[in-house]
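Each chain, letter by letter, is given below.
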Amino acid sequence: MAVRGARCLADFLAYETAKSVVVKSWVVGAVNRAVQLLILCYFVGWVFLHEKAYQVRDTAIESSVVTKVKGVGRYADRVLDTADYVTPEQGTAVFVVITKRILTENQVQGLCPESDTRYRCIADSDCESDSPAAGGLLTGRCVSYNRTLRTCEIRGWCPPEVDAVDVPVMLEAENFTLFVKNSIRFPLFGFEKANMPPGATATELSRCRFHPARRPLCPILRLGDVARLAGQDFAALAATGGVVGIKISWVCDLDRAWELCLPRYSFARLDSSTQHSASSPGYNFRTAKYYRWPNGTEYRTLTKAFGIRFDILVYGSAGKFSIVPTLINVVAAFTSIGVGSVLCDLILLHFLKGAEHYKAHKFEEVPEASLPRPSAGPTVLGGSEMQSTDSGTGSLGL
């Protein structure tokens, strides 16, 4: 046991040094050079040229968005302008263009039969008191809705909403225009810019319309073009409502000129996973405006609005040369080139014929050299080998 322990300790305290063995094999040599070439191409082509790993990058983009919709539409014998169909009115990055409305006018607080078909009844026992219904709280009574139908009575805003009606769509919204003013800043570099076309006058800006090929920098977009570029039919989208994303990408190389940092626009339907849902397709919401009769009674007009919600999403990054990432990636490149040697060693020692022959030349165990005992006489030369007492190495042929 003691012998085994001493042997393990001796192995643990052994030192390994690199030994160069030149193998005259064109197969292994070709594999080695091919791997080194691939690694070199990867670092030069992908890491440095494509990913620009020599730059320090700032992804914490700061952005502000101001929007303005223009256009006049006709709906239900009324002419509507921006104040009628855009909500909210502040020109934010998320807004809705209303394309269809279901109005329930002159609602007052009181008792009335529920209009939802789920609350049809025969007797009072079918209506649970104080339970919430579609339009209010159930009173527990079953009352007549019309000559042939009885429903549960509710307490709330009366008459209740009937949203299963066919109403027209404001298709003029397809030609409305959207002006997007976007300012961005990369705080790491103190870089600021806006999405205004360089050198464009106010007149030129008012006349331009965005086109992905001809006018890719114009910040004025036609709503019909936005829907088409998002892969949607505008008429169908306006009928059911939906959410469309306008994405503005800022990917800037600050080692180049300031004018070359430009925005790129792209478009997508953001609620595509629910647009074919049977329970809740599209996008709609309810809002109400409140009034008072001359006698002081409060009443309201309830609106169920269908529309296209636009979400303007701004993202990006900026990069600039820095010596630290450059040195890190250069060292990583030179280190990775050594992978070729590891692969060739695996091939030599495990897959080629004569692997044991290669192992015998690559690995050599050398015991600790001991100094010869000093003697009073002269040094003795024996055979063809002489031991040198100053370096511990042997010279052959002497």
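This structure is a prediction, so every number in the text was calculated from the model and none was measured.

About the criteria used
- Residues numbered from 1 in each chain as written.
- Predicted model: local features only at pLDDT ≥ 70, side-chain atom pairs only at ≥ 80, totals over all residues.
- Heavy atoms only, no water.
- Helix = DSSP H or I, 4+ residues; strand = E, 2+ residues; numbered from the N terminus.
- Buried < 20%, exposed > 50% of the residue type's maximum accessible area, 1.4 Å probe, protein only.
- Disulfide = S-S within 2.5 Å.
- Phe/Tyr/Trp six-rings, centres within 6.5 Å; stacked < 30°, edge-to-face > 60°.
- Lys NZ or Arg CZ within 6 Å of the ring centre and 35° of its normal.
- Core = buried A, V, L, I, M, F, W, Y, C linked by side-chain atoms within 4.5 Å.
- Contact = heavy atoms within 4.5 Å.
- Axes fitted to C-alpha atoms, helices over the stretch in contact; angles between N-to-C directions.
- Parallel < 35°, antiparallel > 145°, perpendicular 65-115°, else oblique.
- Nonpolar A, V, L, I, M, F, W, Y, C, P; charged D, E, K, R; others polar.
- Salt bridge = Lys/Arg side-chain N within 4 Å of Asp/Glu carboxyl O.

## Side note on the overall build of the chain
Part 1 of the argument: In terms of helices and strands, the chain carries nine helices and 17 strands.
Part 2 of the argument: Buried positions account for 33% of the 398 residues belonging to the chain.

## Side note on the state of the cysteines
The term disulfide refers to a covalent linkage connecting the sulfur atoms of a pair of cysteines.
Part 1 of the argument: For the structure shown, the criterion picks out five disulfides.
Part 2 of the argument: Note on cysteine connectivity: Cys252 is disulfide-linked to Cys261, with sulfurs 1.8 Å apart. Taking the torsion about the S-S bond as the criterion, the Cys252 to Cys261 disulfide, at about 50°, is right-handed.
Part 3 of the argument: Cysteine pairing for the chain, with bonded cysteines counted in sequence order: 1-6, 2-4, 3-5, 7-8, 9-10.

## Notes on the packing of aromatic side chains
Part 1 of the argument: Scanning the entire structure with this criterion turns up eleven aromatic pairs.
Part 2 of the argument: Between Phe186 and Phe191, the aromatic rings sit 6.4 Å apart at their centres with planes inclined by 35°, giving tilted as the arrangement. Like Phe191, Phe186 is buried.
Part 3 of the argument: An aromatic cluster of at least three residues, connected via ring pairs, comprises Phe210, Tyr265 and Phe267.
Part 4 of the argument: A cation over an aromatic ring shows up here: Lys100 above the ring of Phe306, its NZ or CZ 4.3 Å from the ring centre.
Part 5 of the argument: Over the aromatic face of Trp258 sits the side chain of Lys193, whose NZ or CZ is 4.5 Å from the ring centroid.

## Examining the nonpolar core
Part 1 of the argument: By size, the foremost hydrophobic cluster in this structure holds 46 residues, and its most contacted members are Tyr85, Phe95, Val97, Phe176, Phe267 and Phe310.
Part 2 of the argument: Broken down by secondary-structure element, the contributors of at least two residues to this core are strand 2 (62-70), strand 6 (94-113), strand 9 (177-186), helix 5 (223-229), helix 6 (234-240), strand 12 (242-253), strand 13 (263-269) and strand 15 (298-321).
Part 3 of the argument: What Phe176 contacts, discounting residues up to four positions off in sequence, is Val69, Lys70, Gly71, Val72, Gly73, Tyr85, Val97, Met170, Leu221, Arg222 and Leu223.
Part 4 of the argument: Membership of the second largest hydrophobic core comes to ten residues, among which are Cys127, Ala133, Leu138 and Cys158.

## Some points on unusual backbone geometry
Part 1 of the argument: Residue Pro88 is reached from Thr87 by a cis peptide bond, and omega for that bond is -10°.
Part 2 of the argument: In this fold, Pro88 is placed in the loop between strand 5 (86-87) and strand 6.
Part 3 of the argument: Residue Pro159 is reached from Cys158 by a cis peptide bond, and omega for that bond is -5°.
Part 4 of the argument: With respect to the helices and strands, the residue Pro159 is situated in the loop between strand 8 (150-158) and strand 9.

## With respect to the packing of helix 7 (residues 323-337) against helix 8 (residues 339-350)
Part 1 of the argument: Running from amino to carboxyl end, helix 7 crosses helix 8 at an angle of 15°, the nearest separation of the two axes being 4 Å. Of the possible angle classes, the one that applies to helix 7 and helix 8 is roughly parallel. Between helix 7 and helix 8, the contacting residues are Thr335, Ser336 and Ile337 on the first element and Val339, Gly340 and Ser341 on the second.
Part 2 of the argument: Counted by class, the contact of helix 7 with helix 8 contains two nonpolar, four polar and no charged residues.

## Section: the pattern of salt bridges
Part 1 of the argument: Applying the stated criterion across every chain, the model contains twelve salt bridges.
Part 2 of the argument: In this structure, Glu192 engages Arg185 in a salt bridge whose closest nitrogen and oxygen atoms are separated by 3.4 Å.
Part 3 of the argument: By relative accessible area, which is 29% here, Arg185 ends up partly exposed.
Part 4 of the argument: Note that Arg228 is salt-bridged to Asp225, the shortest N-O span being 3.5 Å. One end of the pair is Arg228 and the other is Asp225, both in helix 5 and three residues apart, which spans about a single turn.
Part 5 of the argument: Judged by relative accessible area, which is 49%, Arg228 ranks as partly exposed.
Part 6 of the argument: If you follow the salt bridges from partner to partner, you end up with Glu161, Asp163, Arg286 and Lys304 in one network.

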